[in-house]
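The primary structure of each chain is shown beneath.
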Amino acid sequence: MSDLLNGLNDRQKEAVEYLDGPLLILAGAGSGKTQVLATRFAWLVMSKNIKASSILTLTFTNKAACEMYSRIYQTLKNFSLDERVPAKERKNAQEAVKDFANVHIQTLDSYCGGVVRQAANRYGIKPDFSTGSNDSSKNIQNLALPFVLKHRNNPAILYFSESGKLEDFANDFFAKVVTSYTSLADGENPFSKYLPIQVKQIIKNWNYYICGIKPADNFEPMAKPIGTYIDEIVTLINEFELEEKASEFKNIKKIFTEGQIPDFSIPLNENADFESKAVLDYVKQIQNWYKQLEKYKVQSRSSNENVKEAKSIFNDCLIGVFAEVIYPIFSYINQYKYVKELFRLLDEFTHEVNCQKRTSGALTFKDVTEMALKILMEQHDIRQQEKKSFNKIMIDEFQDNNGKNRDLLFLLAENEDECTTIPSANFNSNTIHDLLKPKLVKDKLFFVGDEKQSIYKFRGAEVSVFNELKNDFFDINGKEKFETVYGQQTYAMDLGDRFCIWQNDYDPSRRLCDFYITLFKERADGAYERYDELQTERMYLISDIKRYLNGVGLEFIGAYSDFDFTEATDADERIYVVARCKKN
């Protein structure tokens with residue numbers, strides 16, 4: 001098969017002939033990775049005697065599917081006509097060309113649609129459903145307003161909606177949330193089922209940040225408990241007599257030594273009632289106390305290091321932690337009864353939407369892909385049939401952005417003599433990965449993806465590479481940009497038919513910058529329409545980013561001032577941060 005591999009470099013040839021386990025190819029645009037996939041298809045057919053119709057080749061757009069279909073067909077046709085090709089391999093190519101109408105080179109959405117049609121009757125779905133039209137979104141919007149009007153006196157609707165804007169609330173909240181966060185595959189109570197998880201997290205945060213009780217699990221705090229900051233400030237004030245160096249500390253010391261400090265030692269147990277008067281009164285007490293603290297923000301510009309340290313602890317840590325960490329806890333508790341009722345309404349509306357989808361047959365792409373996953377999980381006969389239909393699965397431009405595409409492919413790559421039961425009651429993003437990883441057919445999966453890299457990487461049987469070894473990067477504005485470029489500056493931009501005024505107001509004590517944007521857009525009659533917008537951006541130090549990444553299970557790789565990997569500092573205007581999921 002040397003002729004087939006002509007024109008490929010050594011790494012590309014290695015990828016084409018690799019059969020020692022699932023393979024992931026990561027390569028940048030123009031590196032030939034799609035040609036590798038097409039060549040591998042021909043190689044499997046001609047050299048490994050695999051029927052073309054038993055290779056499932058998936059892409060993510062119709063255009064890519066057409067291009068892949070054409071490229072593979074042309075490759076096989078050329079070899080079927082080339083008399084220099086060995087007879088057996090040439091015959092395999094000829095048979096593949098003759099039977100090419102039965103190959104499975106399609107989009108993932110198209111494949112999922114086929115799976116759903118097999119089981120449509122089992123789930124009350126019209127077999128002739130349509131996918132991706134505007135009908136589904138329009139249907140949801142048409143249902144939203146009548147639903148909200150029917151419940152217009154509900155406490156949650158009254159609390160969260162603006163007076164006289166129920167139509168906006170119906171379209172911008174109910175319709176949008178259900179469209180974005182649910183699908184036909186969802187079970188009962190798709191929103192309310194997350195309430196216990198939220199409550200558990202709130203209790204955990206309360207007990208640590210307010211009471212100083214660290215949870216037993218892997219809890220990565222964003223800051224220290226309140227009491228720790230109070231002790232640090234009082235110690236500095238007393239030890240260095242800071243009230244003599246900055247007058248603000250006289251009042252601060254009085255609050256901490258003579259004032260009525262709330263009891264920060266009252267934890268919440270797992271059965272805490274967020275609607276009880278005791279909890280709500282306690283929240284109110286701490287909130288009122290913090291309001292008093294905010295009146296005494298330290299303004300001193302003393303160069304004394306102890307004053308600067310105490311100022312930072314009081315302004316940035318104690319008050320800052322309340323704004324970033326404690327206030328969201330209190331806000332959730334104060335609104336809990338309305339959130340709970342809103343979630344119940346969203347559950348009810350989702351049920352109404354899904355009933356309408358089944359009746360009308362107007363489904364979204366998300367409905368179809370998630371229903372296909374649900375069917376392969378629950379309908380073992382269909383899963384077994386699909387597994388036996390394909391000896392190899394190849395995916396072009398694969399992106400593991402939510403795990404569900406990967407889970408679907410894992411189910412199709414499960415050993416044929418297995419049919420693992422997936423416990424849907426405890427299903428989460430890692431359930432299928434953990435259950436099926438040891439049971440995958442060794443060389444069935446072949447992934448091609450773009451990771452903005454120019455070399456190929458091989459990960460053998462470690463298909464978990466998609467979550468464990470995938471790096472990502474993001475960029476943030478640095479401290480220097482907030483202080484010098486933003487600051488209190490005002491900018492004007494004349495864009496011809498549009499004129500924009502951009503006013504900045506950076507508050508270094510809160511590390512927040514407010515952007516007041518006014519846009520004037522010229523109308524056809526020569527007059528201008530005015531639009532006003534307020535945006536707020538927080539300044540994060542590199543140390544903050546490290547802490548936050550760690551807190552959400554990401555490993556900090558580095559911070560760079562440019563793509564030449566020069567190490568960044570807080571003095572850089574733009575900082576590029578590289579992180580990845582932790583391997584555990």
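Undergrad: Got a sec to walk through the packing of helix H12 (residues 248-257) against helix H14 (residues 305-360)? Specific residues and values, please.
TA: Running from amino to carboxyl end, H12 crosses H14 at an angle of 60°, the nearest separation of the two axes being 12 Å. Between H12 and H14, the crossing angle belongs to the class labelled oblique. Like other packed secondary-structure pairs, H12 and H14 cross with a definite hand, here left-handed. Facing Phe249, Ile252 and Phe256 of H12, the residues of H14 in contact are Val307, Ala310, Lys311, Phe314 and Leu318. Of the residues in the contact of H12 with H14, the class split is 7 nonpolar, no polar and 1 charged.

Undergrad: So what about helix H7 (residues 135-150)? Which residues, and what values?
TA: In this model H7 runs 23 Å from its N-terminal to its C-terminal C-alpha over 16 residues, within 8% of the 22 Å that 1.5 Å per residue would give. The complete set of buried residues in H7 reads Ser136, Asn139, Ile140, Leu143, Ala144, Phe147 and Val148. If you follow the buried residues of H7, they end up packed against helix H8 (155-160), helix H9 (166-181), H14, strand S5 (362-363) and helix H15 (365-378).

Undergrad: Report on helix H13 (residues 277-294), specifying residues and quantitative values.
TA: With 18 residues, H13 should cover 26 Å at 1.5 Å per step; its first-to-last C-alpha distance of 26 Å lies within 8% of that length. The set of residues buried in H13 consists of Val279, Tyr282, Val283, Ile286, Gln287, Trp289, Tyr290 and Leu293. Projection of H13 onto a plane perpendicular to its axis shows the buried side chains occupying an angular sector of 160°, all on one side. Summarising the geometry of H13, the exposed residues directed more than 90 degrees from the buried face are Lys277, Lys284 and Lys291.

Undergrad: Account for the environment of Leu549, with residues named and values stated.
TA: Examined against the element boundaries, Leu549 turns out to sit in helix H21 (residues 542-551). As for Leu549 and Ala579, which are separated by 30 residues in sequence, their C-alpha atoms are 7.8 Å apart.

Undergrad: Lay out the confidence of the model for the protein chain in plain terms, naming residues and giving numbers.
TA: With 90% of its residues at a pLDDT of at least 70, the protein chain reaches an overall mean of 85. Taken element by element, the protein chain is modelled with least confidence in helix H19 (residues 465-468), mean pLDDT 36, and with most confidence in helix H16 (residues 380-389), mean pLDDT 97. In this model, residues 451-472 is a region of pLDDT below 50 whose contacts with residues beyond four sequence positions or in other chains number 64 contacts.

Undergrad: Quick one: what's the story with the pattern of salt bridges, residue by residue and with numbers?
TA: Summed over all chains, the structure comprises 23 salt bridges. Note that Arg84 is salt-bridged to Asp82, the shortest N-O span being 3.1 Å. In this structure Arg84 comes out as exposed when scored by relative accessible area, which is 66%. You can call Asp82 buried: its relative accessible area is 17%. A salt bridge links Lys374 to Glu378; the nearest nitrogen and oxygen atoms lie 3.1 Å apart. With Lys374 and Glu378 both in helix H15 and 4 residues apart, this pair spans about one turn of that helix.

Undergrad: Outline the nonpolar core, supporting the account with residue identities and numerical values.
TA: If you look at the biggest cluster of nonpolar residues, it comprises 70 residues, and the most contacted ones within it are Phe174, Trp206, Ile210, Phe256 and Leu318. Where this core is concerned, the elements lending two or more residues are H7, H8, H9, helix H10 (195-209), helix H11 (226-240), H12, H13 and H14. Ranked by residues supplied to this core, first place goes to H14 with 22 residues.

Undergrad: Talk me through the pairing of strand S12 (residues 528-538); I want residue IDs and the actual numbers.
TA: With 11 bridges joining them, strand S11 (residues 512-522) and S12 adopt antiparallel strand pairing. Note that in S12 the partner of Leu512 across the bridge is Arg538. Connecting S11 to the antiparallel partner S12 that follows it, the hairpin turn spans 5 residues, and Gly526 within it adopts a positive phi of roughly 95°.

Undergrad: Can you lay out the environment of His104 for me, pointing to particular residues and giving the numbers?
TA: In this fold, His104 is placed in strand S3 (residues 104-107). A relative accessible area of 28% places His104 in the partly exposed class. In this structure, the C-alpha to C-alpha distance between His104 and Ile393, residues 289 residues apart in sequence, is 9.9 Å. Beyond its immediate stretch of four places on either side in the chain, His104 contacts Ser53, Ile55, Leu56, Thr57 and Phe390.

About the cut-offs
- Residues numbered from 1 in each chain as written.
- Predicted model: local features only at pLDDT ≥ 70, side-chain atom pairs only at ≥ 80, totals over all residues.
- Heavy atoms only, no water.
- Axes fitted to C-alpha atoms, helices over the stretch in contact; angles between N-to-C directions.
- Helix = DSSP H or I, 4+ residues; strand = E, 2+ residues; numbered from the N terminus.
- Parallel < 35°, antiparallel > 145°, perpendicular 65-115°, else oblique.
- Left-handed = near helix turned anticlockwise from the far one by under 90°.
- Contact = heavy atoms within 4.5 Å.
- Nonpolar A, V, L, I, M, F, W, Y, C, P; charged D, E, K, R; others polar.
- Expected span 1.5 Å × (residues − 1).
- Buried < 20%, exposed > 50% of the residue type's maximum accessible area, 1.4 Å probe, protein only.
- Arc of directions from axis to C-beta.
- pLDDT = per-residue confidence, 0-100.
- Salt bridge = Lys/Arg side-chain N within 4 Å of Asp/Glu carboxyl O.
- Core = buried A, V, L, I, M, F, W, Y, C linked by side-chain atoms within 4.5 Å.
- Pairing = 2+ DSSP bridges.

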